[in-house]
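One letter stands for each residue in the lines below.
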Amino acid sequence: MSVSTAAATQTICAPLPVLGRDVTVPLVTGGEVGYAALDYAASAPALQRVWDDVAAYAPYYGSVHRGAGYLSQLSTDLFENARRTVTEFLDCRADDQLVFTRSTTDSLNLLAAALPADCQVFVFETEHHASLLPWKDARVTYLDAPRTPRQAVATLGSALAGRDPHGPALVCVTGASNVTGELWPVRELAAAAHAHGARIVLDAAQLAPHHPVSVRDLDVDWVAFSGHKLYAPFGSGVLAGRADWLRAAEPYLAGGGASRKVTRRQDGGVDVEWHESAARHEAGSPNVIGAYSIASACKALAEAGFDTLVAREQHLVEKVRTGLADVPEVRILSLFGDDAPRVGVISFVVEGWNSSHFAAALSAEYGIGVRDGLFCAHPLVRTLLGSDPQSQGECGAPEAAPGEKSLNAIRVSFGAGTPDEHVDRFVAAVRELVTEGATWTYRTEDGRCVPAV
């Protein structure tokens, strides 16, 4: 994706305000420093706009779909308006359903529970575990990691061509890798799926916070994402898309809200008539604050303009990649190559360092928060690392499988709330650690590398 850095900085001169931007943390070497939160791919900080909206609503919080009182009616309207806002944000089709869930993982497990009998599922080994693991009750075909977007489409097409053409099939694919940040050819994969009579679900957990996601334009059947990666805390997620499989399935959870009518039978049992709307899979008291926070984040991102947000993020991506490229000991992990378009997620290894040790030093000595490990995408990271050895350093990764203590990486991730100073400080810290080494001693405690006291 070609983006003019000059245009980006002229269009938006500052990141979107987020909570925690003024937090300071202590350093083991003495003093404090402003915390550089560079672990957005795990959980992004909440937008200040989201926090303010939730705080304004909180005194009016009430039960949803349950009460005749003013606060209950207001909360119900808020909840259903949030559904409409997120539906518009995703550019869903008129007959699509949007179900509020707990997360991307919950959304995909819900869809897995709604699969028709004898459904075939096709998923690349490169997926996050949330996309890789829920399909235990289906016939699953795991596809090898492609090394180009074109190969991904060809691999899927070949696999689908050999499937049973008479039964239902589903393809599950990420929009942007949580390890490499690389964008996947979603529209082309959707076309391949539909050409062979399969449906497709998009894991947009890492895509939606960085790029517009249009269900219509991408022609996907479902999309799933998490609020906590979209600058909206409070444990809510979304599954949006075609209604027929969801209406035909037993409720994901059985209970109040999902049932429209319950009657006793003469034999002592009960008969249940379930809702056919999204309520069918939203049993229990809804997480109205979680849903509202997602809607607030969607509005904030839409109002900021994704063209502007994407341009500024690419400016940061170029800064990080250029800075890391100047350190010969650093190897950036990639499936599709250096020229592949990507979001603000970059993973790498450092020659002579165990990644847990390096990440601990970034935190303790520089106040920079990154992630280390296998990022809940174990097959992908193992493929990217291959057999390249890493020195164990002073801290290993004791949670890894035997013989794989060196198989972990470092991930830096950022987004709409990241100031230039944070990525500049990160690049400088990497260079200094590589050239001068850590100034502190570290040890392993409860599976984590920590400063030795």
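Everything discussed here concerns the structure shown above.
First, a word on scope: everything that follows refers to the structure included in this document. (Residues numbered from 1 in each chain as written. Predicted model: local features only at pLDDT ≥ 70, side-chain atom pairs only at ≥ 80, totals over all residues. Heavy atoms only, no water.)

## Some thoughts on the overall build of the protein chain
From N to C terminus, the protein chain includes 14 helices and 19 strands. Over its C-alpha trace the protein chain gives a radius of gyration of 23 Å, about what one expects of a compact globule, namely 22 Å for 453 residues. Evaluated residue by residue, the protein chain yields a buried proportion of 55% over its 453 residues. Nonlocal contacts in the protein chain, meaning residues at least 24 apart in sequence, comprise 73% of its contacts between residues at least 6 apart. (Helix = DSSP H or I, 4+ residues; strand = E, 2+ residues; numbered from the N terminus. Rg over C-alpha atoms; globule rule 2.2 N^0.38 Å. Buried < 20%, exposed > 50% of the residue type's maximum accessible area, 1.4 Å probe, protein only. Contact = heavy atoms within 4.5 Å.)

## What to know about helix 3 (residues 70-89)
Structural remark: α-helix, 3.6 residues per turn; residues separated by three or four positions point the same way. An ideal rise of 1.5 Å per residue puts 28 Å on 20 residues; helix 3 measures up with 28 Å between its terminal C-alpha atoms. Of the positions making up helix 3, those classed as buried are S72, S75, T76, L78, F79, A82, R83, T85, V86 and F89. The secondary structure elements touched by the buried residues of helix 3 are helix 2 (48-57), strand 4 (97-101), strand 9 (222-226), strand 10 (237-241), helix 10 (288-304) and helix 11 (306-325). Just downstream of helix 3, D91 is the residue with a positive phi angle, here 55 degrees. (Expected span 1.5 Å × (residues − 1).)

## Remarks on the sheet that holds strand 7 (residues 169-174)
Taken together, the seven strands give an open sheet; going across it, the order is 4-10-9-8-7-5-6, and neighbouring strands pair in mixed fashion. Of all strands in the sheet, those bounded by a partner on one side alone are strand 4 and strand 6 (139-143). Between one strand axis and the next, the sheet turns through 20 degrees on average, direction left out of account. Two elements, strand 7 and strand 8 (residues 199-203), share five bridges in a ladder whose sense is parallel. (Pairing = 2+ DSSP bridges. Axes fitted to C-alpha atoms, helices over the stretch in contact; angles between N-to-C directions.)

## Observations regarding the state of the cysteines
Tallying each qualifying case throughout the model produces zero disulfides. Free cysteine: C172, not disulfide-bonded; nearest cysteine sulfur from C119 at 12 Å. Of the residues examined, C172 reaches a relative accessible area of 0% and is grouped as buried. With no disulfide of its own, C298 has C92 as its nearest cysteine by sulfur position, at a separation of 10 Å. Owing to a relative accessible area of 1%, C298 belongs among the buried residues under this scheme. (Disulfide = S-S within 2.5 Å.)

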